[in-house]
Amino acid sequence: MKTGDTLPPLELADISRTTLALYAGASGDHNPMHIDLDVARSAALDDVFAHGMLSMAYLGRLLTNYVPQERIRSYGVRFAAITPLHARPICTGTVVRVEDGLAHLDLTVTLTDGSVTLRGDAVIATP
């Protein structure tokens, strides 16, 4: 593992109402902004949108597809934009530096239209 290495991208299916309902049930996050069209419209939105933590979970999957979970030392994100219904997230990561047995990564969730919805970072132990 060296500076500049990229993780294999994680390309996900379009966000559907079923995806949001299943995530709400699994996570316990039943915020109606994510599952109830009437509530979303009452907030002047066209439709519901994905939970931010769903995108964070996708980035977590990107990491654990790359290294075993026990090698992850830290992981954090910053939410940049909402993920609308029917959007297709793509998770990517790049090693920005390696020092003292630790690789520091920049992580991103981008939609197919180029919108960045989540930026994150992680530190993983190198083998």
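Refer to the structure above for everything that follows.
Computed from a prediction, not measured in an experiment: that's the story for all the values here. By convention here, each chain's residues receive numbers from 1 onward along its written sequence. The model is predicted, so local features are restricted to residues of pLDDT at least 70 and side-chain atom pairs to those at 80 or more, both for listing and for counting; the totals for chains, interfaces and linings are taken over all residues. Calculated side-chain values reflect all of the structure's heavy atoms, with hydrogen atoms and water omitted.

1. Considering the overall build of the protein
For the purposes of this entry, the term helix denotes a DSSP run of H or I that reaches at least four residues, the term strand denotes a run of E that reaches at least two, and both are numbered from the N terminus. For the protein, the helix and strand inventory stands at 3 helices and 5 strands. For the protein, the N- to C-terminal ordering of α and β elements is β-α-α-α-β-β-β-β. Here the protein holds 127 residues, and 38% of them are scored as buried. Note that accessible areas follow from Shrake-Rupley with a 1.4 Å probe, and for residues the cover is restricted to the protein chains shown. Of the roughly 6,900 Å² of accessible surface on the protein, 52% is carried by carbon and sulfur atoms. For the protein, the distance from the average site of its 10 positive side-chain charges to the average site of its 14 negative ones is 5 Å. When a residue's accessible area, from a 1.4 Å probe over protein chains only, is under 20% of the maximum for its type it is buried; when over 50% it is exposed; and in between it is partly exposed. Here Asp and Glu are counted as negative and Lys and Arg as positive; His is not counted, and neither are the chain ends. We put the charge of a Lys on NZ, of an Arg on CZ, of an Asp on CG and of a Glu on CD.

2. Some words on the nonpolar core
Nonpolar cores are built from buried Ala, Val, Leu, Ile, Met, Phe, Trp, Tyr and Cys residues. Side-chain atoms within 4.5 Å join them into one set. If you look at the biggest cluster of nonpolar residues, it comprises 27 residues, and the most contacted ones within it are Leu59, Cys91 and Leu105. Elements represented by at least two residues in this core include exactly α1 (17–27), α3 (52–66), β3 (89–99), β4 (102–111) and β5 (116–125). With 6 residues, α3 is the single largest residue contributor to this core. What makes two residues a contact is simply this: any of their non-hydrogen atoms within 4.5 Å. In this structure Leu59 touches Tyr75, Val77, Cys91, Thr92, Leu107, Thr108, Val109 and Leu118, once residues within four positions along its chain are discounted.

3. A few points about the side chain of Thr83
With respect to the helices and strands, Thr83 occurs in the loop between β2 (72–79) and β3. Taking the relative accessible area as the measure of exposure, Thr83 reaches 4% and is therefore buried. Discounting chain neighbours no more than four positions away, the residues touching Thr83 are Ile15, Phe49, Ala50, Ser55, Leu111 and Thr117.

4. Let's talk about the packing of α1 against α3
Under this scheme, a helix contributes an axis fitted over its contacting stretch, all axes are lines through C-alpha atoms, and angles between N-to-C directions fall in the 0 to 180 degree range. The N-to-C vectors of α1 and α3 enclose an angle of 90°; their axes lie 10 Å apart at closest approach. Relative to α3, the element α1 lies roughly perpendicular. Here Thr19, Leu20 and Tyr23 of α1 lie close against α3, whose contacting residues are Met53, Leu54 and Tyr58. Here the residues of the contact of α1 with α3 are counted per class, giving 5 nonpolar, 1 polar and no charged. Angle categories are assigned with fixed cut-offs, so that under 35 degrees is roughly parallel, over 145 is roughly antiparallel, 65 to 115 is roughly perpendicular, and the rest are oblique. Nonpolar residues are Ala, Val, Leu, Ile, Met, Phe, Trp, Tyr, Cys and Pro. Charged residues are Asp, Glu, Lys and Arg, and all others, Gly as well, are polar.

5. Remarks on the side chain of Asp5
Among the structural elements, Asp5 can be located in the segment before β1 (10–11). Side-chain polar atoms of Asp5 contact the backbone nitrogen of Lys2, separated by 2.9 Å. Leave out the neighbours within four places in its chain, and Asp5 touches Tyr66, Gly93, Thr94 and Val95. Pairs of N or O atoms are called polar contacts if they sit within 3.5 Å, as long as, within protein, a hydrogen donor faces a hydrogen acceptor (for residues adjacent in sequence, only side-chain-to-side-chain pairs).

6. Focus: α3
Compared with an ideal rise of 1.5 Å per residue, which puts 15 residues at 21 Å, α3 spans 22 Å between its outermost C-alpha atoms and is within 8% of the ideal. Those residues of α3 that fall on the buried side of the exposure criterion are Leu54, Ser55, Met56, Tyr58, Leu59, Gly60, Leu62 and Leu63. Buried residues along α3 sit against β1, α1, β2, β3, β4 and β5. For a helix, the expected span equals 1.5 Å multiplied by the number of residues minus one.

7. Structural notes on the sheet that holds β5
Criterion used throughout: strands pair if DSSP finds at least two bridges between them. A sheet is described by the order of its strands in space; here 5 strands give the open sequence β1-β3-β4-β5-β2, paired in antiparallel fashion. With partners counted over all chains shown, the strands left at the sheet margins are β1 and β2, one partner each. Bridging between β4 and β5 involves 9 bridges; their strand directions are antiparallel. Of the residues in β5, the one forming a bridge with Leu105 is Ala122.

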